[in-house]
Amino acid sequence: LLYGRLSDENNPYLHQNLLELPSDANGLPTTFLMSSTPYLEASVGITNILKFFRIDLVKRMTYLQEKYEVSHLFNKRGMGLKFSAKFNF
């Protein structure tokens, strides 16, 4: 769960002297400001026996509208896989 907002003094849409949010080659934004809805995702994963590698199935629950780039897995919008490796000494 992620909830928050960007203050007006840090909003590049309100102040031209701030760094712009990322956009694609056509000038369309690729990063969006959060609305009043929290960002929510759920995941379940498996770790190998030595706890080095992990694979997670992730499901995005909010912000599934067309303007957001949302992954598709198994023909389900908002589903994705995450692979990770962690080494502890």
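Values in this document were obtained by computation on a predicted structure and should not be read as measured data.

Calculation rules
Residues numbered from 1 in each chain as written. Predicted model: local features only at pLDDT ≥ 70, side-chain atom pairs only at ≥ 80, totals over all residues. Heavy atoms only, no water. Salt bridge = Lys/Arg side-chain N within 4 Å of Asp/Glu carboxyl O. 1 Å grid on protein atoms, 1.4 Å probe; cavity = no way out; pocket = protein on both sides within 12 Å on 5 of 7 lines; lining within 4 Å. Points joined across faces, edges and corners; volume = space filled by probe spheres on them. Nonpolar A, V, L, I, M, F, W, Y, C, P; charged D, E, K, R; others polar. Helix = DSSP H or I, 4+ residues; strand = E, 2+ residues; numbered from the N terminus. Buried < 20%, exposed > 50% of the residue type's maximum accessible area, 1.4 Å probe, protein only. Lys, Arg positive; Asp, Glu negative; His and termini not counted. Polar contact = N/O pair within 3.5 Å; in protein donor to acceptor, adjacent residues only side chain to side chain. Contact = heavy atoms within 4.5 Å. Pairing = 2+ DSSP bridges. Axes fitted to C-alpha atoms, helices over the stretch in contact; angles between N-to-C directions.

Participant: Teacher, can you tell me more about the pattern of salt bridges here?
Facilitator: Close approach of charged atoms lets side chains of opposite charge pair. This structure, assessed with the given rule, holds one salt bridge. The partner of Arg 54 in a salt bridge is Asp 56, with the nearest N and O atoms 3.0 Å apart.

Participant: When you look at the layout of surface pockets in this model, what are you seeing that I'm missing?
Facilitator: The method is simple in principle: a probe with the dimensions of a water molecule rolls over the atoms, and the space it marks as empty is what remains. Of the volumes computed, that of the largest pocket is approximately 290 Å³. By residue class, the composition of the lining of the largest pocket is nine nonpolar, two polar and four charged.

Participant: So what exactly am I meant to see when it comes to the side chain of Arg 60 here?
Facilitator: The residue Arg 60 is located in strand 2 (residues 53-60) in this model. For the buried residue Arg 60, which engages in no salt bridge, the nearest side chain bearing the opposite charge is Glu 41, 5.5 Å off. Polar side-chain contacts of Arg 60 include one of 3.5 Å to the side chain of Tyr 39. In terms of polar contacts, Arg 60 uses its side chain to reach the backbone carbonyl oxygen of Tyr 63, at 3.0 Å. When residues no more than four places from it in sequence are discounted, the contact partners of Arg 60 are Tyr 39, Leu 40, Glu 41, Tyr 68, Glu 69, Val 70 and Gly 78.

Participant: So what exactly am I meant to see when it comes to the sheet that holds strand 1 (residues 41-47) here?
Facilitator: Strand pairing in a sheet is mediated by backbone hydrogen bonds. Such pairs are either parallel or antiparallel. Taken in spatial order, the three strands of this open sheet run 1-2-5, and their pairing is antiparallel. At either end of the open sheet lies a strand with only one pairing partner, and these are strand 1 and strand 5 (79-85). Between one strand and the next, the sheet's axes are offset by a mean angle of 25 degrees, whatever the strand orientation. In this sheet, strand 2 lies alongside strand 1 in antiparallel orientation, the contact comprising seven bridges.

Don't take any of this as a statement about function, it's just geometry.
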